[in-house]
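# Results of the structural survey
What follows is the residue order along each chain.
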Amino acid sequence: MQAKKTLNYKIEPEKYLFGICELFEGAIDKQIAPEETLNLIRNMGFGSMRVWMHHKDLLVSDGNDEISLNQDAVSRYHSYVNGLTERGISHIVSMNHSYLYPADFDGKRTAESEIPLPGSACYLKFLQMIERSYELVSREFPEIPYFEVGNEVNMHRFICKPNYPYGKLTEKDYDERYCYTPVEKAQITADICYYARRGVKKGNPSAFVVLPAPTPYFGYTDCAAFLDKIYTAVESGKYPTGLPADTDADHYFEVLSWHPYNFGGDSKIFVDGCNEMYAVAQKHGDDGKKVFITEFGYHDFDFVDSGRCKNKQEADALQASFFKTDFAAFREQLPYVETVHIFRLYDWVAGPGIEIDFGLFTSPAETGEIRPKEKGKALFYLINGQDADIRKIMLYAKGN
């Protein structure tokens, strides 16, 4: 099936291929100042950043479901976004997976993304609040061209029923009291995308919605099947909920996304996996739609735990060597991929699950300095050339 060719963009991997994920607030070591993050992103040479911008932080809702900006938080995020654009980074992806809820929502709101039950009056109000939220945020931040309107939406953690017992169920568990089926998650994702895009376009007609990235946690075939379920919902004529049917996928999302972590280091696996994912889009008429890899990276302890390396330092060095073949594969074999956001800039001292040692730089809370790990050095040279001056990313290392 041929692409609809309705989207007003071209794919520019040479300009934006190297991207970074990091937070300015929240789950990040308190010793790290935003200015340090901004300077390191600039000096590393990244062309894009995926920024966590949760609605629960940026917005407030009164008891009548009226939404307004949280001016203190908005002011801080203006300084972060301005800091990026002043450093020449305009390819910004704002990501939110913490939505506002109607006043009568009966969930505990302890999970990151409890979703009211579809078919309930609360569900439609929830979607309408998503629309209003994105209208306010996209209007307030016209510098941001892309909005990823959720995260890993095929996982219980990010789309679950009210009162989900966060931390007590694994992703392999299914409890119908708390978990949506993959079909239900896909249908909810379609609704969220549609209402979010309506809001984004009201606030900034020039901005685009990025599909909330699913993850191949259970393999690429499973992930591709989930993407197919989203398209099936769109094409069914039953969505969006509460509005006239719309079967044009462009009206739900304009950029595709997924998280092809390459933990084993074999680039052929993620190349084949990405092509399996993109084949679904092609089948549904979206050939030509660009893809953002909004998370990609390696965590040190993975190779220690498996016995492949003796310690985290050895693992860091080995994993750093994979970036050369990884990015050659993205550039040469996956032409529809415009941007790969590395997860993440820093290590953590403490954090959820495996997320503490993905960093390109050390945690100052752990080491007393922000020093590039072998992964950071490898990416710096890959982006800037082997003759580049490494001192550019030693700004906050001891003895520099």
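Quick note: structure is the one above.
As a starting point, this report considers the structure included with it. Keep in mind that what you see is a predicted model, and the values were worked out from it rather than measured.

## Notes on helix H13 (residues 374-384)
Along H13, the residues that are buried comprise Lys375, Gly376, Leu379 and Phe380. Along the long axis of H13, the arc covered by the buried residues comes to 130°, so they all point the same way. As for H13, its buried residues are in contact with strand E1 (18-22), helix H2 (34-44), helix H9 (300-305), helix H10 (312-320), helix H11 (322-333) and strand E10 (337-343). Downstream of H13 by one or two residues, Gly385 has phi in the positive range, about 100°.

## What about H2?
Burial runs high along H2: eight of the eleven residues are buried. When H2 is considered as a whole, its buried residues turn out to be Glu36, Thr37, Leu38, Asn39, Leu40, Ile41, Asn43 and Met44. At its buried positions, H2 is contacted by E1, strand E2 (48-52), helix H4 (71-86) and H13. Once H2 finishes, Gly45 follows within two positions and takes phi at roughly 95°, a positive value.

## Observations regarding the side chain of Glu114
As for its placement among the helices and strands, Glu114 is situated in the loop between strand E5 (91-95) and helix H5 (121-140). A polar contact is formed between the side chain of Glu114 and the backbone nitrogen of Lys108, at a distance of 3.4 Å. Setting aside its immediate chain neighbours within four residues, Glu114 contacts Tyr101, Phe105, Gly107, Lys108, Arg109, Cys160, Lys161, Pro162, Asn163 and Tyr164.

## Observations regarding the sheet that holds E1
Sheet strands line up and pair through hydrogen bonds in the backbone, either parallel or antiparallel. What the eight strands build is an open sheet, ordered E7-E6-E5-E2-E1-E10-E9-E8; its pairing is parallel. Strand pairing shows two members of the sheet lacking a second neighbour, strand E7 (208-210) and strand E8 (256-258), which therefore form its edges. Each strand of the sheet is rotated relative to its neighbour by a mean of 25°, with strand direction disregarded. Of the strand pairs in this sheet, E5 and strand E6 (residues 146-148) are connected by three bridges, and their pairing is parallel. Counterpart to Ser94 in the pairing with E6 is Phe147.

## Some points on the packing of aromatic side chains
As enumerated under the stated definition, the model contains 29 aromatic pairs in all. Ring geometry for Phe18 and Phe327: centres 4.4 Å apart, planes at 25°, overall stacked. A residue pair is termed long-range when its members are at least 10 positions apart, and Phe18 in strand E1 and Phe327 in helix H11 qualify at 309 residues. Overall, the relative accessible area of 1% leaves Phe327 in the buried class. Joined through ring pairs, the aromatic side chains of Phe18, Phe270, Phe296, Tyr298, Phe303, Phe322, Phe323, Phe327 and Phe330 make up one cluster. In this structure, Arg50 is placed above the aromatic ring of Trp52, and the distance from its NZ or CZ to the ring centre is 5.0 Å. Here the basic side chain of Lys290 rests over the ring of Tyr9, its NZ or CZ set 4.3 Å away from the ring centre.

## A few points about unusual backbone geometry
The peptide bond linking Tyr239 to Pro240 adopts the cis configuration, its omega dihedral lying at 5°. When you line up the elements, Pro240 lands in the loop between helix H7 (220-235) and E8. Here the residue pair Phe343 and Arg344 is connected by a cis peptide bond, since its omega of 10° sits within 30 degrees of zero. With respect to the helices and strands, the residue Arg344 is situated in the loop between E10 and helix H12 (364-367). Even without being glycine, Asp65 reaches a positive phi, approximately 65°. Here Asp65 shows up in the loop between strand E3 (59-61) and strand E4 (67-69).

## So, the packing of H5 against helix H6 (residues 182-203)
Where H5 meets H6, the closest approach of the two axes is 7 Å, and the angle between their N-to-C directions is 35°. Relative to H6, the crossing made by H5 is right-handed. In this structure, H5 contributes Tyr123, Leu124, Leu127, Gln128, Ile130, Glu131, Tyr134, Glu135, Ser138 and Arg139 to the contact, and H6 contributes Ile188, Asp191, Ile192, Tyr195, Ala196, Arg198, Gly199, Val200, Lys202 and Gly203. Here the residues of the contact of H5 with H6 are counted per class, giving ten nonpolar, four polar and six charged.

## Notes on the side chain of Gln319
Within the secondary structure, Gln319 is located in helix H10. A relative accessible area of 0% places Gln319 in the buried class. Within polar-contact distance, the side chain of Gln319 engages the backbone oxygen of His299 at 3.1 Å. The contact partners of Gln319, leaving out residues within four places of it in the chain, are Tyr298, His299, Asp300, Asp302, Phe303 and Lys375.

How each quantity is defined
Residues numbered from 1 in each chain as written. Predicted model: local features only at pLDDT ≥ 70, side-chain atom pairs only at ≥ 80, totals over all residues. Heavy atoms only, no water. Buried < 20%, exposed > 50% of the residue type's maximum accessible area, 1.4 Å probe, protein only. Helix = DSSP H or I, 4+ residues; strand = E, 2+ residues; numbered from the N terminus. Arc of directions from axis to C-beta. Contact = heavy atoms within 4.5 Å. Polar contact = N/O pair within 3.5 Å; in protein donor to acceptor, adjacent residues only side chain to side chain. Pairing = 2+ DSSP bridges. Axes fitted to C-alpha atoms, helices over the stretch in contact; angles between N-to-C directions. Phe/Tyr/Trp six-rings, centres within 6.5 Å; stacked < 30°, edge-to-face > 60°. Lys NZ or Arg CZ within 6 Å of the ring centre and 35° of its normal. Left-handed = near helix turned anticlockwise from the far one by under 90°. Nonpolar A, V, L, I, M, F, W, Y, C, P; charged D, E, K, R; others polar.

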